[in-house]
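Next come the chains, spelled out residue by residue.
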Amino acid sequence: MKLFKTFAYTGIILFLFASCEDLVDEDPISEIGENNFYANNDDLLAAVISGYDGMQSFYRDQYFFWGEFRADNHAPSSNVNANNQEIADNAITEGNSAARWQDLYRTISRANNVIKNAPDVPSFDENLLAEALAMRAKCYFDAIRVWGDVPLFIEPVEVISETAKPATNAATILNDVIIPDMILAQDLMQIPSDDFRFSKSSIYALQAEVYVYAGDYPNAKIAIQNLMNLGSHSLVTTPLEWRELFFNSNGDAATDDALDGKIQEGSELIMSIRYSVDEEAGSGNLNRSAIAQLFRGGVPQFLMSEEIENKWINRFPTDSVDWETKYPSTDPALTRTVIEPDGMGGTVEVQRFNYGDWRYFYSRQGGYDGLGSISIGQAKTGKWGDSVFPSNEDITDVVVYRYADMLLLLAEIEHELNPTDAATPLGIINQLRTARQLPQVTLAEFGATPDERLDYILVERQLELYGEAKRWWDLLRNDKAIQTMTPILQARGVTVPLTQDRLKWPIFFEHLIENPQLNQNSGY
């Protein structure tokens, strides 16, 4: 995505909130004048692509720090570094580099330039303006979820003094910028679907995510219905197709099937952040994904937690007797070939069921065979494959939105709209269960009370979306983060309590120095 590296008209400050040293060390901004630069749609396209380039820089790792590793899906490994230990323990300090926001604001700055200048381009492509609006909405949505009140910029910054301003209330940003941006983006966008750029489909997904966060369930439901009505996406229906959504072995064959190389395609994928071998890794590997190093590096930072593994086995037993007791009328979807004595002194190949949820096997190091050799709580995440390769070679795409996410979010929405109606959300869950070739959920299993049913839905989301940076936000918007994480953190020996204030991250200390009008968040 480095089709467009350094663009700006004279005097524009592209790199908001970079440190003073960063500003000094940056390459000179090109001397292209504003009017000359945005002369046609090709110029606008280059500017939009530079925005996705900016998203690469923080979705590679910060996306997972924000939404995945703070929750109960993972535990820090014995080799975790100090910064990642803080994130896992929800004890982050203002000096943790993961709390930097300059890459996010760099992307906002690039979107602002497109939003301002696009209307002045003759016969400008409204789809490009829609992309910039959606990009800005998504970035600010990420920002307010992570930090709460943050500085607001909706115009290009022309002099560095304009970067020093107080934080704007998060609710104001939500109601006055994020929601209007994504509504206008929907109106302007004509492209139904695109794997790696904002389109009608991903804008509807963004709307659903934002509206659920805001507690506006009717509009969240409408957004998902609009997405479904486009007909551009659907559930995959086999374990192999599901695995292909994520798989990237970097050329190494999988241990349990014939997959090889980078696949990451399928009808469920609504929008991903793309990483490509066609572009250089860049300084600090900013043009490379960090999935391989975070989830399964030779020295992994995080492991699958005991909590997620036990939860998975409890819902889908891996023991044959337990499975057949719980699901007597449903066979597991996958089998394996086993060599057994034939009773006549020889051997014979037979097919035996792989009991349990195949998503668990495909999400765990070593697959099904790894269950017997790697203890619970000691396995790496294998959702993207088991291969370990250098960080400067990782081109694993980061999935931002997919259809199963939206479907299960709809189940949660239907539950919130009518907590006494169990049939509607249950039907949605069983729609996914059918596609996954997993046992249907009975009304009794779903739960007798609204609270039990909500918990059931959230676990369904947790298992399906494991590793995709959704779990923390699910806990947060349902006011379950503190009650879920406190006993886990206490058992881990964490002495810093997780409080309401500390659900937001601290502002990185250098940002406070750069912008004296900011105050540190409460709790830090």
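Just so it is clear, the structure is predicted and the values come from calculations on it, not from any experiment.

Parameters and conventions
- The residue count restarts for each chain, going from 1 along the sequence in the order it is written.
- Local features in this predicted model are restricted to residues of pLDDT 70 or higher, and side-chain atom pairs are both shown and tallied only at a pLDDT of 80 or more, whereas totals for entire chains, interfaces and linings draw on every residue.
- Values reported for side chains reflect all heavy atoms of the structure, with hydrogen atoms and water molecules removed beforehand.
- Here a cavity means grid points, on a 1 Å grid over the protein atoms only, where a 1.4 Å probe fits yet cannot get out; a pocket means an open set of points with protein on both sides within 12 Å along at least five of seven lines; lining residues are those with an atom within 4 Å of a point.
- Grid points are joined across faces, edges and corners, and a volume is the space filled by probe spheres set on the points.
- The helix count covers DSSP runs of H or I at least four residues long, the strand count covers runs of E at least two residues long, and both are numbered beginning at the N terminus.
- Under the scheme applied here, ten amino acids are nonpolar (Ala, Val, Leu, Ile, Met, Phe, Trp, Tyr, Cys and Pro), four are charged (Asp, Glu, Lys and Arg), and all others, including Gly, are polar.
- To obtain an axis, a line is fitted to C-alpha atoms, over the contacting stretch when the element is a helix, and the angle between two such axes runs from 0 to 180 degrees between their N-to-C directions.
- Here is the rule for handedness: rotate from the far helix to the near one, and if that takes an anticlockwise turn smaller than a right angle the crossing is left-handed, while a clockwise turn gives right-handed.
- Pairs of residues are marked as contacts when any of their non-hydrogen atoms sit within 4.5 Å.
- The definition of a nonpolar core used throughout is a set of buried Ala, Val, Leu, Ile, Met, Phe, Trp, Tyr and Cys residues joined through side-chain atoms within 4.5 Å.
- Relative accessibility decides the category of a residue: with a 1.4 Å probe and only protein chains considered, values under 20% of the type maximum give buried, values over 50% give exposed, and everything between is partly exposed.
- Only strands joined by at least two bridges in the DSSP assignment are considered to pair.
- Think of a salt bridge as a Lys or Arg side-chain nitrogen and an Asp or Glu carboxyl oxygen that are within 4 Å of each other.
- To sort the angles, those under 35 degrees are grouped as roughly parallel, those over 145 as roughly antiparallel, those from 65 to 115 as roughly perpendicular, and the leftovers as oblique.
- By this rule, a helix spans an expected 1.5 Å times one less than how many residues it contains.
- The arc in question is the one traced by the directions running from the helix axis out to the C-beta atoms.
- pLDDT: the predictor's confidence for each residue, scored from 0 to 100.

**Remarks on the layout of surface pockets**
Any empty space left between atoms is shown by rolling a water-sized probe over those atoms.
Line of reasoning, step 1. Within this model, the second largest pocket holds a volume of roughly 270 Å³.
Line of reasoning, step 2. Lining the second largest pocket we find Tyr213, Leu475, Leu476, Arg477, Asp479, Lys480, Ala481, Ile482, Gln483, Gln500, Leu503 and Lys504.
Line of reasoning, step 3. Of all elements in the fold, only α20 (471–477) and α21 (481–491) reach the threshold of two or more residues within the lining of the second largest pocket.
Line of reasoning, step 4. Of the residues assigned to the lining of the second largest pocket, the class counts are six nonpolar, two polar and four charged.

**Thoughts on the packing of helix α10 (residues 217–230) against helix α16 (residues 403–417)**
Line of reasoning, step 1. Interhelical geometry of α10 versus α16 gives an angle of 145° and a closest axis separation of 10 Å. With respect to the hand of their crossing, α10 and α16 are arranged in left-handed fashion. Of the residues in α16, those in contact with Tyr217, Pro218, Ala220, Lys221, Ile224, Leu227 and Met228 of α10 are Tyr403, Met406, Leu407, Leu409, Leu410, Ile413, Glu414, Glu416 and Leu417.
Line of reasoning, step 2. Of the residues assigned to the contact of α10 with α16, the class counts are 13 nonpolar, no polar and three charged.

**With respect to the nonpolar core**
Line of reasoning, step 1. Formed by 144 residues in total, the largest nonpolar core has its most connected members in Trp147 and Trp505.
Line of reasoning, step 2. Looking at this core, the element that brings in the most residues is helix α7 (residues 126–147), giving 15 residues.
Line of reasoning, step 3. When near neighbours in sequence (up to four residues on either side) are disregarded, tryptophan 147 contacts Trp66, Ala99, Arg100, Trp101, Leu104, Lys504, Trp505, Pro506, Ile507 and Asn521.

**Looking at the pairing of strand β4 (residues 335–341)**
Note on strand geometry: in a regular strand, side chains alternate between the two faces of the sheet.
Line of reasoning, step 1. Pairing geometry for β4 and strand β5 (residues 347–353), over seven bridges, is antiparallel. Considered in β5, the bridge of valine 338 is made with valine 350.
Line of reasoning, step 2. Counting the residues between successive antiparallel strands, the hairpin from β4 to β5 contains five residues, one of them, glycine 343, with a positive phi of roughly 85°.

**With respect to the pattern of salt bridges**
Line of reasoning, step 1. Following the criterion strictly, the structure yields 35 salt bridges and no others.
Line of reasoning, step 2. Among the salt bridges present, the one from lysine 383 reaches glutamate 468, with a minimum N-O distance of 2.6 Å. Taken together, the residues span a long stretch of sequence, with lysine 383 in the loop between α15 (358–363) and β6 (398–402) and glutamate 468 in the loop between α19 (450–464) and α20 at a distance of 85 residues. Taken as a pair, lysine 383 and glutamate 468 share a single burial class, namely buried.
Line of reasoning, step 3. Bridged by salt links that share partners, the residues Lys138, Asp142, Arg145, Glu209, Asp405, Glu412, Arg461, Lys470, Asp474 and Arg477 form one connected network.

**A short note on empty space enclosed by the protein**
Line of reasoning, step 1. Under the criterion given, the structure shown has two cavities of 30 Å³ or more.
Line of reasoning, step 2. Taken as a whole, the largest cavity holds about 140 Å³ of empty space.
Line of reasoning, step 3. If you trace the largest cavity, you find 14 residues lining it, with Arg145, Glu209, Trp473, Asp474 and Arg477 closest to the centre.
Line of reasoning, step 4. Class assignment of the residues belonging to the lining of the largest cavity gives a composition of seven nonpolar, no polar and seven charged.

**Some remarks on the packing of helix α3 (residues 41–59) against helix α6 (residues 102–117)**
Line of reasoning, step 1. Running from amino to carboxyl end, α3 crosses α6 at an angle of 165°, the nearest separation of the two axes being 8 Å. Taken together, the axis directions place α3 and α6 in an arrangement best described as roughly antiparallel. Judged by the sense of rotation from one axis to the other, the crossing of α3 with α6 is left-handed. Between α3 and α6, the residues in contact are Leu44, Ala47, Val48, Ser50, Gly51, Asp53, Gly54, Met55, Ser57 and Phe58 and Asp103, Leu104, Thr107, Arg110 and Val114, respectively.
Line of reasoning, step 2. Of the residues contributing to the contact of α3 with α6, the split by class is seven nonpolar, five polar and three charged.

**Here's the deal with α10**
Line of reasoning, step 1. For α10, built from 14 residues, the straight-helix expectation of 20 Å at 1.5 Å per residue is met to within 8% by its first-to-last C-alpha distance of 20 Å.
Line of reasoning, step 2. The complete set of buried residues in α10 reads Tyr217, Ala220, Ala223, Ile224 and Leu227. Along the axis of α10, the buried positions cluster into a sector of 120°, meaning they face one direction only.
Line of reasoning, step 3. Residues of α10 that are buried make contact with α9 (200–214), β2 (269–273) and α16.
Line of reasoning, step 4. Looking at the residues trailing α10, positive phi occurs at glycine 231, about 70°.

**Considerations on the pairing of β6**
Line of reasoning, step 1. For β6, the buried fraction is high: five of the five residues fall into the buried class.
Line of reasoning, step 2. Bridging between β2 and β6 involves four bridges; their strand directions are antiparallel. Looking across to β6, one finds that isoleucine 273 is bridged to valine 398.

**Regarding the confidence of the model for the protein**
Line of reasoning, step 1. Considering every residue of the protein, the mean pLDDT works out to 91; 92% of them sit at 70 or more.
Line of reasoning, step 2. This model gives residues 1–36 a pLDDT under 50, and the stretch forms 88 contacts once residues within four places in sequence are excluded.

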